[in-house]
Every structure is written in C-alpha cells, then in structure tokens.
Amino acid sequence: MKTAVQIDFDGTVTEDDVSFYLLDTYADGSWRQYLDEYSHGDISVGAFNKVVFGMIKEDEKTLTDFVLDSPRVIVRPGFKELIDYCAGKKYRTIIVSNGLNFYIEAILQKLGVSGLEIHAAENIFAPDGMKVRYLGPDGKEVEAGFKEVYTERLVKEGYQVVYIGNGTSDIYPCRKAAHVFATADLLEKCRAEYLKYYPFNDFYEVIRGLKSLGL
C-alpha cells in the first residue's frame, strides 16, 4: 500500500505556534478574544484567521525577518532527518497546516528543506490588513475541516496515512489516519477517543516509530 506522511506545522514542526508570535507582536487589536471563540468552537478556523490576520498590516519582508530572526521559533530536532527518511522510502510527505504559507516556506528554506508539498493558508499582504484563505484539494475555499479534507483525499487515493500532530484540531484527521504520532494537546484528545497513537518529543522518535511499524 502507498504511504503518505501528513505533518502539521505550528507546534509540531516548530515547538510553539509561530502564528501566535506574529499576532502578539503585530496584530492591531485584541486578537485573543477571537481565539477564545475559536477554541470554544464558536467560529471556524477560516473565519478566525481572516479576522485576526486582518489586524496585521506589515509587509512580507518585515514579518519574514521577524520569524527567521526570532529565538522563539525553534524547530523540533530531527525534522530534516525525518524528511530525508521519508524521501528514501519514497513516501508522499505533506505539510497541512492552519498556519500561513509565507512563514512555513521561509522556515523550510532556512532549514534547507525543499520540494515538500505544502497546504496552508494563502496570504496576501495589504496595507489595510493581511488577506488569508484556505483552499481544499478541489481548489475551493474551506472554512472548517481544512486538515481532514486532505487526509480524506489521500485515503481516497489509496494511501495509508501516517499523521503527525500536536493540537486539538489534529484529532479530526487522526480519526482517518492509519497511524498517529502525537504530542502535547493531541495526546489527551487521542486518549479521550481511545485512538492508538505513538507519543513523541522529537522527530528522531518518529523515525524510530516508523521503523518499528515496518515503514
């Protein structure tokens, strides 16, 4: 069976949420009130990001430099090694994130990781606020369930999906995955739903877990 490795980005590839750093630094308004609404399921991730990133009016260079220079943006050890491992196995490796394309691409480029399939929020920088939107595999805008629509597509295309994530929103694609590697809040979600998972703190542990599965 074909294998696809689907990886979340913020809090998974990076140890913390890059988008929150950006919002805390540059959002012109009280963005965390909307985070509470999103956390309680009152608004979708698409609606949340449109509002809060619309509060950021800086240009791309300013924001990219901030991300790349910040000592708070830390990539989990072993990420590049995991990507190399998957490439050697000819696995389809995909990043699907509720974060933004521009900083994901910038961080990967800094790491020397190229050629990855990336699906995240498209972003346009504008003086009146950043514009963001999520597009599904069919090219149509997705307001909610962005990560799982890609998992569903992979399954329909005949892949067994290995999912790697950290957050509460990752539980939805995990339900459709063949194997789950979880850290942080996703651990509790998997336990609550009795989903089988493999805990990890770094990507070396993920590589060892893949080997133990015969992958």
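The notes below deal with the structure included here. (Residues numbered from 1 in each chain as written. Predicted model: local features only at pLDDT ≥ 70, side-chain atom pairs only at ≥ 80, totals over all residues. Heavy atoms only, no water.)

**Regarding the packing of aromatic side chains**
On inspection of all chains with the given rule, the structure shows 12 aromatic pairs. Between Trp31 and Phe48, the aromatic rings sit 6.5 Å apart at their centres with planes inclined by 50°, giving tilted as the arrangement. Highlighted residues: Trp31 in the loop between helix 1 (18-26) and helix 2 (32-39) and Phe48 in helix 3 (residues 45-53), separated in sequence by 17 residues. The same class applies to Trp31 and to Phe48, which are both buried. (Phe/Tyr/Trp six-rings, centres within 6.5 Å; stacked < 30°, edge-to-face > 60°. Helix = DSSP H or I, 4+ residues; strand = E, 2+ residues; numbered from the N terminus. Buried < 20%, exposed > 50% of the residue type's maximum accessible area, 1.4 Å probe, protein only.)

**Examining the nonpolar core**
Counting residues in hydrophobic clusters, the biggest one holds 69 residues, and the most contacted among them are Ile7, Ile56, Phe79, Leu82, Tyr103 and Ile164. Excluding residues that lie within four positions of it along the chain, Ile164 makes contacts with Val5, Gln6, Ile7, Asp8, Thr12, Leu82, Phe181, Phe200, Phe203 and Val206. (Core = buried A, V, L, I, M, F, W, Y, C linked by side-chain atoms within 4.5 Å. Contact = heavy atoms within 4.5 Å.)

**Some words on the environment of Tyr198**
Considering the arrangement of structural elements, one finds Tyr198 in strand 7 (residues 198-199). The spatial distance from the C-alpha of Tyr198 to the C-alpha of Glu122 is 31 Å, given a sequence separation of 76 residues. The residues contacting Tyr198, other than those within four sequence positions of it, are Val180, Phe181, Ala182 and Leu213.

**Some points on the sheet that holds strand 1 (residues 2-7)**
Backbone-to-backbone hydrogen bonds join strands into a sheet, with any given pair of strands oriented parallel or antiparallel. Reading across from one edge, 4-3-2-1-5-6-7 is the order of the seven strands in this open sheet, with mixed pairing throughout. At either end of the open sheet lies a strand with only one pairing partner, and these are strand 4 (131-133) and strand 7. As judged from the four bridges shared by strand 5 (residues 159-165) and strand 6 (residues 179-182), these two strands associate in the parallel manner. Within the sheet, the bridge partner assigned to Val162 lies in strand 6 and is His179. Contacting strand 1, strand 2 (92-100) and strand 5, helix 5 (residues 79-88) runs over the sheet at an angle of about 160° to strand 1. Along the sheet, helix 7 (residues 146-156) makes contact with strand 1, strand 2, strand 3 (117-124) and strand 5, crossing strand 2 at roughly 165°. (Pairing = 2+ DSSP bridges. Axes fitted to C-alpha atoms, helices over the stretch in contact; angles between N-to-C directions.)

**Side note on the pattern of salt bridges**
Under the counting rule described, the total for this entry stands at 15 salt bridges. Linking Asp24 and Arg32 is a salt bridge whose minimum nitrogen-to-oxygen distance equals 3.1 Å. With a relative accessible area of 43%, Asp24 lands in the partly exposed category. With a relative accessible area of 39%, Arg32 lands in the partly exposed category. For the salt bridge of Glu141 with Lys50, the shortest nitrogen-to-oxygen distance reads 2.6 Å. (Salt bridge = Lys/Arg side-chain N within 4 Å of Asp/Glu carboxyl O.)

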